[in-house]
Every structure is written in structure tokens, then in C-alpha cells.
Amino acid sequence: MNLRENYFVKMMKYMKKVYHIDRQIEQITDNRLNPTYKTSQIISLVLVGFLLRMRSFNQLNFMIKAGEFNEIYSRKGQVPQIDAIRNSLKSINLDALRQINQRIIKMAVRNKVLGEGT
């Protein structure tokens, strides 16, 4: 899958522009000591996995090893491995995720995205 040539890149740009998802993800923390990867890197990778409708961490791990996300993380460094993702998700601050969810829903309602059964 070439991420540059499909709708996925447009959707990511839209999420950054309208919902400021990149800034909101930066606010999420976890309880790991001396982490190799930032929590925001891990959350953004998991978000991409959800958007691509990955069914399991095994599928996500396969795509990481295949280099599917190297273009996304080329500026930020290495792609987090599946063990780091699991460790981070175990100790993540859920209140920050809830606040992000509330902001996104509020913005979607304000922009009239959720109308007539959508």
C-alpha cells in the first residue's frame, strides 16, 4: 500500500487541520519509566492501525516489520515495535483519551458532521 497516493493521506491532513489531532495526542501520557518512544508516537501508530482497520496487533506488527510506516516516521525516527506499543497502552492515562474524544465529538457536532443518521 502506498500511503501517498490514496485517500488516507488526505484524511490524516484533514484530522490535523480540523481536529488538531496531532496536538491533542501530544497531551497523552503513560507511566513508563525511561521510554524509548514518546507516547504520542505510539498513539499515532495505533490510531493509524484503527483507521486502516487492522484486526490485531499481529497484523500491525507485520506491517511495522514490512516497513509500511517508514514514510510516516521518517522524520521522527524509528517506528515503535509491538512490545513498546503494548507496554505503553497498558499504562496510558485514560482521562486524556476521554478528553480528546469529547473534543472531537464536540467539533464534529459543531461542524455538522453528525447529521441525519451518519
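Reading the values: the criteria
Residues numbered from 1 in each chain as written. Predicted model: local features only at pLDDT ≥ 70, side-chain atom pairs only at ≥ 80, totals over all residues. Heavy atoms only, no water. Helix = DSSP H or I, 4+ residues; strand = E, 2+ residues; numbered from the N terminus. Buried < 20%, exposed > 50% of the residue type's maximum accessible area, 1.4 Å probe, protein only. Contact = heavy atoms within 4.5 Å. Areas by Shrake-Rupley, 256 points an atom, 1.4 Å probe, with all protein chains shown as cover. Core = buried A, V, L, I, M, F, W, Y, C linked by side-chain atoms within 4.5 Å. Axes fitted to C-alpha atoms, helices over the stretch in contact; angles between N-to-C directions. Parallel < 35°, antiparallel > 145°, perpendicular 65-115°, else oblique. Nonpolar A, V, L, I, M, F, W, Y, C, P; charged D, E, K, R; others polar. Polar contact = N/O pair within 3.5 Å; in protein donor to acceptor, adjacent residues only side chain to side chain. Salt bridge = Lys/Arg side-chain N within 4 Å of Asp/Glu carboxyl O.

A. Structural context of the overall build of the chain. When helices and strands are counted, the chain shows six helices and zero strands. Residues classed as buried in the chain amount to 35% of the 118 residues present. Across the chain, contacts joining residues at least 24 apart in sequence account for 67% of those joining residues at least 6 apart. Summed over its atoms, the accessible surface of the chain is roughly 8,600 Å², and 51% of this surface lies on carbon and sulfur atoms.

B. Representation of the nonpolar core in the model. With 24 residues, the main nonpolar core has Ile28, Leu45, Leu60, Ile64, Phe69 and Ile85 as its most contacted residues. Elements that contribute at least two residues to this core include exactly α1 (7-18), α2 (21-25), α3 (39-51), α4 (57-65), α5 (82-90) and α6 (94-110). Broken down by element, this core gets its largest block of residues, five residues, from α3. Those residues in contact with leucine 60, other than ones at most four positions away along the chain, are Leu45, Gly49, Met54, Phe69, Ile82 and Ile85.

C. The packing of α3 against α5, seen in detail. Look at α3 against α5: their axes get within 10 Å of each other, and the N-to-C directions meet at 105°. In terms of their interaxial angle, α3 and α5 are classed as roughly perpendicular. Between α3 and α5, the contacting residues are Thr39, Ile42, Ile43, Leu45 and Val46 on the first element and Ala84, Ile85, Ser88 and Leu89 on the second. Partitioned by chemical class, the residues of the contact of α3 with α5 number seven nonpolar, two polar and no charged.

D. The side chain of glutamine 24, seen in detail. Note that glutamine 24 resides in helix α2. Here arginine 103 takes part through its side chain, which lies 3.4 Å from a polar atom of the side chain of glutamine 24. Once residues lying within four places of it in the same chain are set aside, the contact partners of glutamine 24 are Tyr19, Ile100 and Arg103.

E. Region of the structure containing the pattern of salt bridges. Tallied over the entire structure, the rule returns two salt bridges. Between aspartate 95 and arginine 98 there is a salt bridge, and its shortest N-O distance comes to 3.1 Å. Linking aspartate 95 with arginine 98, this pair stays in helix α6, spanning three residues, or about one helical turn. Taking the relative accessible area as the measure of exposure, aspartate 95 reaches 47% and is therefore partly exposed. Residue classification places arginine 98 among the partly exposed positions, given a relative accessible area of 47%.

F. Expanded view of unusual backbone geometry. The residue asparagine 34 is not glycine, and still its phi comes out positive at about 50°. Locating asparagine 34 in the fold gives a position in the loop between α2 and α3. If you check the backbone angles, arginine 53 has positive phi at about 60° while not being a glycine.

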